[in-house]
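Chain by chain, the residues:
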Amino acid sequence: MPGFSSVSREWLDPQIAPILVAIIVFAVIGTLLLFGVGLIAYLRRRTIRYFLITVVLGMLVARSIVGLGTVFDLVPMTVHHLVEHSFDFLIATVLLYVVFRNKSPTYLSSFRADGD
């Protein structure tokens with residue numbers, strides 16, 4: 001298959017390669033659009049929460065680009081796994097930080113009043 005090296009052929013079936021490339025291209029486009037929306041939201045709000053969400057969306061873009069680079073044998077499989085799984089951990093960590101950092105005092109006080 002043109003564009004794919006012999007290393008890629010070891011793990012990538014030529015029959016499904018076009019489908020995989022199409023899915024990853026859509027992922028790159030979709031995450032780029034989401035990143036753009038996140039960036040606009042951050043520029044409007046300028047809060048740490050919006051900044052961190054924009055960073056997470058940027059990491060999703062990077063993951064998709066690394067995946068596409070791996071299919072075209074521009075990114076070695078070892079680097080692919082290191083980057084993608086490290087980003088998985090960082091994305092989950094940042095999102096949990098944003099969720100836990102952003103608790104509403106009014107919600108907590110009404111919850112305590114109901115539980116008494």
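Everything that follows concerns the structure shown earlier in this document.
The rules we used
- Residues numbered from 1 in each chain as written.
- Predicted model: local features only at pLDDT ≥ 70, side-chain atom pairs only at ≥ 80, totals over all residues.
- Heavy atoms only, no water.
- Helix = DSSP H or I, 4+ residues; strand = E, 2+ residues; numbered from the N terminus.
- Buried < 20%, exposed > 50% of the residue type's maximum accessible area, 1.4 Å probe, protein only.
- Patch = residues over 30% accessible without salt bridge, like charges linked within 9 Å, V, L, I, M, F, W, Y side chains within 5 Å.
- Areas by Shrake-Rupley, 256 points an atom, 1.4 Å probe, with all protein chains shown as cover.
- Salt bridge = Lys/Arg side-chain N within 4 Å of Asp/Glu carboxyl O.
- Lys, Arg positive; Asp, Glu negative; His and termini not counted.
- Charge placed at Lys NZ, Arg CZ, Asp CG, Glu CD.
- Expected span 1.5 Å × (residues − 1).
- Axes fitted to C-alpha atoms, helices over the stretch in contact; angles between N-to-C directions.
- Parallel < 35°, antiparallel > 145°, perpendicular 65-115°, else oblique.
- Left-handed = near helix turned anticlockwise from the far one by under 90°.
- Nonpolar A, V, L, I, M, F, W, Y, C, P; charged D, E, K, R; others polar.

Where do I start with unusual backbone geometry in this structure?
For residues other than glycine, phi is negative in most cases, and the peptide bonds are mostly trans. Notably, Arg-46 is not glycine yet its phi reads approximately 55°, a positive angle. Relative to the helices and strands, Arg-46 resides in the loop between helix 2 (17-45) and helix 3 (48-71). Assessed through its relative accessible area of 56%, Arg-46 is described here as exposed. Residue Asp-73 is not a glycine yet carries a positive backbone phi of 60°. Among the structural elements, Asp-73 can be located in the loop between helix 3 and helix 4 (77-101).

Before we go on, may I ask you to explain a positive patch on the surface in this structure?
Taken together, the side chains of Arg-44, Arg-45, Arg-49 and Arg-101 make up a positively charged region of the molecular surface. Judged by relative accessible area, which is 46%, Arg-101 ranks as partly exposed.

Help me out: how do you make sense of the pattern of salt bridges in this one?
Charged atoms that come close allow side chains of opposite charge to pair. Overall, the coordinates contain two salt bridges when judged by the stated rule. Close ionic contact of Arg-63 with Asp-88 constitutes a salt bridge, the shortest N to O distance being 3.0 Å. One end of the pair, Arg-63, is in helix 3; the other, Asp-88, is in helix 4, and 25 residues separate them in sequence. When its relative accessible area of 22% is taken as the criterion, Arg-63 is described as partly exposed. Three or more residues are tied together by salt bridges with common partners; here these are Arg-63, Glu-84 and Asp-88.

Could you clarify how one ought to interpret helix 2 in this entry?
Two residues of an α-helix separated by three or four positions point the same way, owing to the 3.6 residues in each turn. A rise of 1.5 Å per residue sets the reference length of helix 2, with its 29 residues, at 42 Å; its end C-alpha atoms lie 41 Å apart and thus fit the reference within 8%. Those residues of helix 2 that fall on the buried side of the exposure criterion are Ala-17, Val-21, Ile-24, Val-28, Thr-31 and Gly-38. Immediately beyond the C-terminal end of helix 2, within one or two residues, lies Arg-46, with a positive phi of roughly 55°.

When you look at a nonpolar patch on the surface in this model, what are you seeing that I'm missing?
Residues Val-25, Phe-26, Ile-29 and Leu-33 make up a contiguous nonpolar surface patch of about 410 Å² in total accessible area. For Ile-29, the location among the structural elements is in helix 2. With a relative accessible area of 44%, Ile-29 lands in the partly exposed category.

So what exactly am I meant to see when it comes to the packing of helix 2 against helix 3 here?
The geometry of a pair of packed helices is captured by two quantities: the angle between their axes and the separation between those axes. Interaxial distance between helix 2 and helix 3 falls to 8 Å at its minimum, and their mutual angle equals 160°. Considering the angle they form, helix 2 stands roughly antiparallel to helix 3. Taken as a pair, helix 2 and helix 3 cross one another with a handedness that is left-handed. By residue class, the composition of the contact of helix 2 with helix 3 is 20 nonpolar, six polar and one charged.

Looking at this structure, I do not really get helix 3. What am I missing?
Here helix 3 spans 35 Å end to end across 24 residues, near enough to the 34 Å set by a 1.5 Å rise per residue. When helix 3 is considered as a whole, its buried residues turn out to be Leu-52, Thr-54, Val-56, Leu-57, Met-59, Val-61, Ser-64, Val-66, Gly-67, Gly-69, Thr-70 and Val-71. Looking one or two residues past helix 3, Asp-73 carries a phi angle of roughly 60°, positive in sign.

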